Amino acid sequence: MTAPILSMDAVHKSFGDAHIIRGVDIELLAGERRAVIGPNGAGKSTLFHLISGQLKPDKGQIILNDQEIQGLPPQRINHLGLARSFQITNIFPGLTVFENVRIAVSQRHGLQYSLWRLIDRIHNVSEQTDSIMEKVRLSANRDTLAGELSYSEQRALEIGMTLASDPRVILLDEPMAGMSHEETDYMVALIREVTQGRSLLIVEHDMDVVFSLSDRISVLVYGELIATGTPDEIRNDSRVQEAYLGEEVSA
Amino acid sequence: MKHSRFLILAAIVLLFALPAILSHSLVNAVNQMLIAALFACAFNLLCGQAGMLSFGHAAYFGIGAFATLHAMGIMGQESLLPTPLLPLAGACVGFLSGLAAGWFSTKRTGVYFSMITLALAELLHTMAPHLRSLFGGEAGLSGMRYPALGLTFGSDIHVYYLTLVWVLGAIGLQYYITLTPYGRLVLALRENSHRLSFLGYNVHHLGTLTFALSAMLTGIAGGLQAISIEASNYAIFDMHLSSEVVLNTYIGGVNVFLGPILGAAVMTFFGNAASDLTRNWLLYKGIIFVLVMMFMPTGIAGLVMMLTANLRKYSALLLWPVLLLSCIATFLLTMGTVFTVEMMQRILSQDYQMLAQMSDGGEWPPVQLFGRQWLPGSLISWGLPVVLFVAGGYFVKLAKNRWRVLQEASSDQSSETDSIHNLGEMTTESEHELNEREKA
């Protein structure tokens, strides 16, 4: 069995009196696609914020690649090989699609303080930008302002930008929200393709996507993981049915 | 693109030829315009491009000026640098102080950032008179330009060319930076700094560097000012200068690189010209700023771009009548406003109030304005501005109608709507302008 690339150990997070994450342990293996599901308010997004450095855990350890990352700033965690997308589209609305992706690509070329080179002359950056735009089917929108894209195109851009830093671990927060069937199908195929050889942690409400895409599924309810297993195991788990799927049915 | 390049080239050639054409005092005025243009351009790196509104940029202008004076050699000391290189002192010290101030202020964003910059500048303004060795106390410091490179730098013309070369160089450098990877990141910082950090960029370092570069270019502008007047005192740190650069930049337009340059040049010229003509010039400046912010938030640059876009879209023959009518309307409304303001100012002045009291119940004495006598009690004195406003409003209406006809004719042919929308805004603009001025 391969070693975990990302693990959380007894992680807690409270906001005032609200104890949102109550001792989560999770191990994401290298190359694994893992979905985190759970009812609204279970703390899925908070979990992602803790891993990606947006929030600091109150207690517990988060380890990425044998290195403790809890409380590190987001850019450090990104440098260590983790990239994420956001539930609410988080792009540069006033810049073109090309510019959005190019900014994401530039990072791994260490160009933050490059004041002397013309960016248009740095060809490998442009090439990688083009290839990512092609991957997420946005080549035709190259010069459109990102803020003027349709909602699903913005979601695709968001994923393209997440991929651009060539991360080993990818966190996707509800990538399919608001997409049509056709777009969802394409996105599933895309995610499957681009996460080849990487680890994926995904939060998604579309159960078809969750069960078809993931190797294993973790169920988060009220800040605690109540089950982890293969899609079949989860489908047949009585606690999960009671706590989550049952709720969905009755609702 | 080709047109704008040609225009910029022509402007540069004209700037180099100016001393041969203009009188000395006008060359001095252009010198001031150039310095203000560089200041606004440097300010806009932070404000327009990185999206961080600084209310304390006078600090870096002043620091640049004093650093340059120190390098110049105060009270007969040796000069540290040959005269043409003196602005380097302003640049270096500006950069370093920007690095320090930027490190603190860019820890926060939005209003909090603005407040920190304001506080730092006010701190400096308060401390400066007490730091005698640095800023020369309340009297300030003065220096002298030494001859260098076979030039005496004694005449205004030499100073003008020194300023021109530095301003063009600094603005050129800043433009070049916008084309580098770092320059693109600055725009992303404005758009969404949160996302930038999750893409692996250190947003704080990026903001600090941008602040420092802006302060560096501002320091050059301050240095050029110090060179041209050979003196400075702590008043340079006043809030007034900080707010002026904000106004100039917004009037010019923050979204276009050349906007602030244009705005600063125009407003500096306006200030020079209007302050000779009337005591109320600051009021007019304020009115212009309010109107621009309300009806033309993209500034002069936005207006120019809208005009060129529409000129491309419609034949000039059809567009000219609209423009002409708009110009007439603007002229009439402006005249109405100016007449009212000047009249009120004279009547409300203390001198006149004394005279009026002496007339003791009789008719108030006439007011001298525009080479004529106006009786405050007469119908014509108040009827004239009303007529001007009504006529201005009528021309606004004419322009709007003309524009609507033009739009309807073209919407049959094309379905594009953006520039129509734009000019539509402009005409409603003039109408609002009318309302605004009547209120005033």
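Residues numbered from 1 in each chain as written. Chains lettered and ligands numbered in written order. Predicted model: local features only at pLDDT ≥ 70, side-chain atom pairs only at ≥ 80, totals over all residues.

Further remarks concern the overall build of chain B. Along chain B, the regular secondary structure elements total 17 helices and 4 strands. For 440 residues, the compact-globule formula gives about 22 Å, and the C-alpha radius of gyration of chain B, at 25 Å, lands near that figure. Projected onto its principal axes, the C-alpha coordinates of chain B cover approximately 65 × 65 × 45 Å. The burial tally for chain B puts 41% of its 440 residues in the buried class. Pairs at least 24 apart in sequence give 79% of the contacts found in chain B among residues at least 6 apart. (Helix = DSSP H or I, 4+ residues; strand = E, 2+ residues; numbered from the N terminus. Rg over C-alpha atoms; globule rule 2.2 N^0.38 Å. Buried ≥ 20, exposed ≤ 12 C-beta atoms within 10 Å, placed from the backbone. Contact = placed C-beta atoms within 7 Å.)

Helix and strand counts for chain A stand at 9 helices and 10 strands. Looking at chain A residue by residue over its 251 residues, the buried ones come to 43%. Within chain A, contacts between residues at least 6 apart in sequence are counted, and of these 66% link residues at least 24 apart.

This part covers the sheet that holds strand E1 (residues 4-15) of chain A. All names here are of chain A. Here we have 4 strands laid out as an open sheet, ordered E2-E1-E4-E5, and antiparallel in their pairing. Where the open sheet ends on each side, the last strands, each with one partner, are strand E2 (18-29) and strand E5 (67-68). Pairing analysis gives 5 bridges linking E1 to strand E4 (residues 59-64), with the strands arranged antiparallel. Looking at E4, one finds that His12 is bridged to Lys59. Across the sheet, helix H1 (residues 44-52) touches E1, E2 and E4, and the angle it forms with E2 is around 65°. (Pairing = 2+ DSSP bridges. Axes fitted to C-alpha atoms, helices over the stretch in contact; angles between N-to-C directions.)

Here we take up the pairing of E4 of chain A. All names here are of chain A. In this structure, E4 lies alongside E5, joined through 2 bridges in antiparallel fashion. Along E5, the bridge assignment pairs Leu64 with Gln67. Hairpin connection from E4 to E5: 2 residues lie between these consecutive antiparallel strands, with Asn65 at a positive phi of about 60°.

Turning to the interface of chain B and chain A, a few remarks are in order. Of the residues lining the interface, 20 residues belong to chain B; the matching set on chain A comes to 30 residues. For the side of chain B that touches chain A, a count of residues per class yields 11 nonpolar, 6 polar and 3 charged. (Nonpolar A, V, L, I, M, F, W, Y, C, P; charged D, E, K, R; others polar.)

Let us now look at the sheet that holds strand E9 (residues 216-221) of chain A. All names here are of chain A. Here we have 6 strands laid out as an open sheet, ordered E6-E7-E8-E3-E9-E10, and mixed in their pairing. The sheet terminates laterally at strand E6 (82-84) and strand E10 (224-229), the two strands that pair on one side only. Direction aside, the axes of adjacent strands within the sheet are offset by 15° on average. Sheet strands touched by H1: strand E3 (33-37), E6, strand E7 (169-173), strand E8 (199-203) and E9. Its angle to E7, the strand with the most contacts, is close to 150°.

Here helix H13 (residues 299-313) of chain B is 15 residues long and its end C-alpha atoms lie 21 Å apart, about the 21 Å a rise of 1.5 Å per residue gives. Here H13 of chain B has its buried residues at Gly299, Ile300, Ala301 and Asn310 of chain B. (Expected span 1.5 Å × (residues − 1).)

Another point: unusual backbone geometry. Within the chain, Asp166 of chain A stands out as a residue other than glycine whose phi angle is a positive 55°. By the secondary structure assignment, Asp166 of chain A is in the loop between helix H5 (151-164) and E7. Take Asp166 of chain A: there are 12 C-beta atoms within 10 Å of it, and that puts it in the exposed class. Its identity as a non-glycine residue notwithstanding, Glu230 of chain B has a phi of 55°, on the positive side. Take Glu230 of chain B: it is sitting in the loop between helix H9 (203-229) and strand E2 (231-232).

What follows deals with the domain arrangement of chain A. When its domains are assigned, chain A resolves into domain 1 (1-81 + 169-187 + 196-251) and domain 2 (90-166). Counting residues at the interface gives 7 residues for domain 1 of chain A and 6 residues for domain 2 of chain A. (Domains from an automatic or database assignment.)

Counting residues in each nonpolar core, the largest one holds 111 residues, and the members touching the most others are Ala37, Leu38 and Phe39 of chain B. Not counting residues within four places of it along the chain, the set of residues in contact with Ala37 of chain B comprises Val167, Ile261, Ala264 and Ala265 of chain B. The next biggest cluster of nonpolar side chains, apart from the first, holds 42 residues, and it includes Val11, Ala83, Leu213 and Leu225 of chain A. (Core = buried A, V, L, I, M, F, W, Y, C linked by C-beta atoms within 7 Å.)

This part takes up the packing of helix H11 (residues 259-277) of chain B against helix H12 (residues 281-295) of chain B. In helix packing, the relevant descriptors are the interaxial angle and the interaxial distance, both defined with respect to the helix axes. Residue and element names in this part refer to chain B. At a minimum axis distance of 9 Å, the contact between H11 and H12 shows a crossing angle of 140°. When the axis of H11 is compared with that of H12, the two are oblique. Here H11 contributes Gly271, Ala274 and Ser275 to the contact with H12, which in turn contributes Trp281, Tyr284 and Lys285. Considering only residue class, the contact of H11 with H12 consists of 3 nonpolar, 2 polar and 1 charged. (Parallel < 35°, antiparallel > 145°, perpendicular 65-115°, else oblique.)

Our next topic: the environment of Cys92 of chain B. Tracing the backbone shows Cys92 of chain B in helix H4 (residues 87-105). In this structure the C-alpha to C-alpha distance between Cys92 of chain B and Leu213 of chain B, which are 121 residues apart in sequence, comes to 9.9 Å.

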